[in-house]
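# Overview (structure and organization)
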Amino acid sequence: MPSLQEELFPSTPGKFKIERSNAMNRQFHRCFASTSTMFLWALFLIALTASYLSFQSFVDSGSRYLSASWGGIQWEKQVRSSAQIHRSGGMSVLVTGAAGFVGSHVSLALKKRGDGVVGLDIFNNYYDPSLKKARKSLLSNNGIFVVEGDVNDARLVGKLFDVVAFTHVMHLAAQAGVRYAMENPQSYVHSNIAALVTLLEACKTANPQPAIVWASSSSVYGLNENAPFSELDRTDQPASLYAATKKAGEEITHTYNHIYGLSITGLRFFTVYGPWGRPDMAYFSFTRNILQGKPITIYRGKNRVDLARDFTFIDDIVKGCLGSLDTAGKSTGSGGRKRGPAPYRIFNLGNTSPVTVPTLVSILEKHLKKKAKRNYVDMPGNGDVPYTHANISLARRELGYKPTTDLQTGLKKFVRWYLSYYGYNNGKPVN
């Protein structure tokens, strides 16, 4: 029996060369056939995988579309109808945060004078969503359609601009509150910075580009000690994360104005109050606790100095917002390209008459006809500042802004609304 070596290397050299060559050819053809088969199988598997992924993407897209709370012919019809202008020289305005305190008032004022208004609001639970839903019903009854969604949703915002060529954007959506930032800091970055960038991205590519008015805050003045606060004062010492995100917003909007030609106006609101207000605000919670016979906490600054705020009534703030929209110059960009310089403005909107918090409580006691159980404590290091005081000379000159409601009158209107909304009669809840 021939050995394994003999089989591989036979004794006849010539025969070995021929048979070896034939063997190598057969081996090559077998290998080539095997490789070709594997290649075909690989192509088949790749095609199958691509088909699966495409189908899965189609299913996912369909699922997202079907589960979305926006989109469709009827939805677009509502958006267009709400955006329709009913006065000569009017504007079509996208109002973010439309179901919020300031947003609902501004939306109603715009609609009342014949402008087109479309609202956008996320209806989060930072405070009782039922109050936001009630504001939405009020807007709906006045012909204003409010889309429920997040300004961070680029697809939604882009779709709104596809449906309506907005002339203006009133950006009031934000995560409010100074103290809450210590509990949920990420919500401030999400709502006050990321959402702002998402909106600006949509505005820069819109054709035509809208003019933008947005809510900054008096909080940007932070530890500033000059009084009254002027738009020319330093704002690089924020005392809270909320203030820092609003200051960041001012820098970001300036960048988009400079690069893309967006017309931008920032409004620094000073302690806005009034009917349909925010339950997390001091005057609102004081009213609730006084009526319920619960104690209220009143903070004091260093050396037991009373805190003071430049309380500004909502109607005056609305006048400033509308004045800003009316005087906003046009954006100069097109398709994301700047064609020339565009206006960039910042205004204080305040009352110019700071009032101490204990005085605020005394006024509430008078209108509620009930004494408060006061508990004075030192102000914690939570980002609050001891006082605010607005210099409004620039807004007065450029916008014709002139606040007319003092705290006595404004709180009287708020208390009347509060008692009616929450079902009180003679200071007692109606069952």
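Report follows, based on the coordinates. Here the structure is a predicted model, which is why all the values come from computation and not from measurement.

## Topic: the pattern of salt bridges
- Across all of its chains, the model carries 17 salt bridges by this definition.
- With its nearest N and O atoms 2.5 Å apart, the salt bridge here joins Asp115 to Arg113.
- In this structure Asp115 comes out as buried when scored by relative accessible area, which is 0%.
- A salt bridge links Glu250 to Arg268, with the shortest nitrogen-to-oxygen separation between them at 2.8 Å. In this pair, Glu250 is assigned in helix H8 (residues 241-260) and Arg268 in strand E6 (residues 264-269), connecting sequence segments 18 residues apart. Arg268 carries the same exposure label as Glu250, and that label is buried.

## Some words on the pairing of strand E4 (residues 168-171)
- Of the two faces of E4, the one lined by His168 and Met170 and the one lined by Val169 and His171 are each fully buried.
- In terms of strand pairing, strand E1 (residues 92-96) meets E4 through four bridges, oriented parallel. Counted as the bridge partner of Val95 is Met170 from E4.
- Examined bridge by bridge, E4 and strand E5 (residues 211-215) share four bridges and lie parallel to one another. Looking at the pairing, Val169 lines up with Ile212 of E5.
- Viewed along the sheet, the connection from E4 through helix H7 (residues 185-205) into E5 turns out right-handed.

## Topic: the nonpolar core
- Ranked by internal contacts, the top residues of the largest apolar core, which has 69 residues, are Val102, Val106, Met170, Phe269 and Tyr283.
- The biggest single contributor to this core is helix H13 (residues 407-421), with seven residues.
- Counting residues in each nonpolar core, the second largest holds 33 residues, with Leu160, Phe161, Ala202 and Cys203 among its members.

## Description of the packing of helix H11 (residues 357-368) against H13
- The interhelical angle for the contact between H11 and H13, taken along N-to-C directions, is 50°, at an axis separation of 10 Å. By the criterion of interaxial angle, the relationship of H11 to H13 is oblique. Between H11 and H13 the crossing geometry is right-handed. The residues of H13 that touch H11, namely those facing Leu360, Ile363, Leu364, Lys366, His367 and Leu368, are Leu407, Gln408, Leu411, Lys412, Val415 and Leu419.
- A breakdown of the residues in the contact of H11 with H13 according to their chemical character gives eight nonpolar, two polar and two charged.

About the thresholds
Residues numbered from 1 in each chain as written. Predicted model: local features only at pLDDT ≥ 70, side-chain atom pairs only at ≥ 80, totals over all residues. Heavy atoms only, no water. Salt bridge = Lys/Arg side-chain N within 4 Å of Asp/Glu carboxyl O. Buried < 20%, exposed > 50% of the residue type's maximum accessible area, 1.4 Å probe, protein only. Helix = DSSP H or I, 4+ residues; strand = E, 2+ residues; numbered from the N terminus. Pairing = 2+ DSSP bridges. Right-handed = clockwise from strand over helix to strand, strands pointing away. Core = buried A, V, L, I, M, F, W, Y, C linked by side-chain atoms within 4.5 Å. Axes fitted to C-alpha atoms, helices over the stretch in contact; angles between N-to-C directions. Parallel < 35°, antiparallel > 145°, perpendicular 65-115°, else oblique. Left-handed = near helix turned anticlockwise from the far one by under 90°. Contact = heavy atoms within 4.5 Å. Nonpolar A, V, L, I, M, F, W, Y, C, P; charged D, E, K, R; others polar.

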